[in-house]
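Reading the structure
Read off the chains here:
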Amino acid sequence: VILPMSLLFSVLLTYTRLSQDSEIVAMKTLGLSLKELAAPAILLAVVGCILSAQTSFYLGPWGNRQFEVLIHDLSRQKMGAAIKEGVFSEGFFELVVYANKVDTRAGKLKDVFIYDERDSKSPVTIIARHGQLEQENSSTGQAARLVLKNGNIHRTHDTTYTKVDFETYAINLFDKYDLTEKEKSAPSLTLPELREILKKPDLDPKERIQLQVEFHRRWSLSLACLVFGLLGVGLGTTSNRRMAKTSGF
């Protein structure tokens, strides 16, 4: 967005100043046509279009992807920070977690309630007196689990209900053999990746629309440099009134 907007303002400021100082009139008197006067702006717009396309299709997605990976890694390293004391915390490894007391530094939880709906046909509710977040880092990856003590598990499936008491129960949040990278979001996809996904015949219609919007948005941002370059020349040369400094704007 910055590249097209900065191009528009730079062209507009330049040609407005030339118009205010009657330089446009002088150059036309020398035989220069409007096309020749607009040539520098068009050349600059083409350069801006190329730079904007590179940013939209490659540099922008790369930066956005690095940001996603960083947030993903931080969430794994600071698991306890996602659980707030006395609050139902959603999105904690696809679990809903509640704890009356939370010690973020030690990773300890007290009076824990967990609702697991990852299997919608058989949701699980877990209640425990104590919980401990354990994490292991190694050269091959990370492993983490939530160890619960003195509690019970409530499971429903269709019309059946099951309750299991336990002294110790561990929930594996992720392990070092399951460290697949977080799936790329639409803003993190490069131009070749967008085209490749859009070619899939079995792509979900809603996802296809979202990706098509992303694809055309990036092209529009790139081509906006050409449009804004011509627009800046037109607005900057429409008036030669010395006092009308803001007429172009």
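Let me sum up the structure you'll find in this document. (Residues numbered from 1 in each chain as written. Predicted model: local features only at pLDDT ≥ 70, side-chain atom pairs only at ≥ 80, totals over all residues. Heavy atoms only, no water.)

End to end, helix H1 (residues 2-20) covers 27 Å across 19 residues, agreeing with the expected 27 Å (1.5 Å per residue, within 8%). By the burial criterion, the buried members of H1 are Pro4, Leu7, Leu8, Val11, Leu12, Tyr15, Thr16, Ser19 and Gln20. Positive backbone phi, approximately 65°, marks Ser22, located one or two places after H1. (Helix = DSSP H or I, 4+ residues; strand = E, 2+ residues; numbered from the N terminus. Expected span 1.5 Å × (residues − 1). Buried < 20%, exposed > 50% of the residue type's maximum accessible area, 1.4 Å probe, protein only.)

Residue position: Pro61 is located in helix H3 (residues 34-77). Using a relative accessible area of 1% as the deciding quantity, one classes Pro61 as buried. Separated by 125 residues in the primary sequence, Pro61 and Ala186 place their C-alpha atoms 8.6 Å from one another.

What follows is about the state of the cysteines. The final tally for this structure, using the stated rule, is zero disulfides. Cys49 carries a free sulfur, and the closest cysteine sulfur to it, the one in Cys225, is 5.8 Å from it. A residue is classified by how much of its surface remains accessible, and Cys49, at 13% relative accessible area, is buried. Taking relative accessible area as the criterion, Cys225 reaches 1% and is therefore assigned buried. (Disulfide = S-S within 2.5 Å.)

So, about the packing of aromatic side chains. In the structure shown here, the tally under the stated rule is five aromatic pairs. Connected via pairs of aromatic rings, a cluster forms that spans Phe57, Phe215 and Trp219. (Phe/Tyr/Trp six-rings, centres within 6.5 Å; stacked < 30°, edge-to-face > 60°.)

With that out of the way, let us pick up the pairing of strand E3 (residues 108-116). Pairing analysis gives eight bridges linking strand E2 (residues 95-103) to E3, with the strands arranged antiparallel. For Asp103, the partnering residue across the bridge sits in E3 and is Lys108. Once E2 ends, the chain turns through four residues before running back antiparallel as E3, passing Gly107 with a positive phi of about 70°. (Pairing = 2+ DSSP bridges.)

Turning to the side chain of Ser188, a few remarks are in order. Summarising the element assignment, Ser188 is placed in the loop between strand E6 (160-174) and helix H4 (191-198). Apart from the residues within four sequence positions on either side, Ser188 is in contact with Pro61, Asn64, Arg65, Glu68, Glu193 and Arg218. (Contact = heavy atoms within 4.5 Å.)

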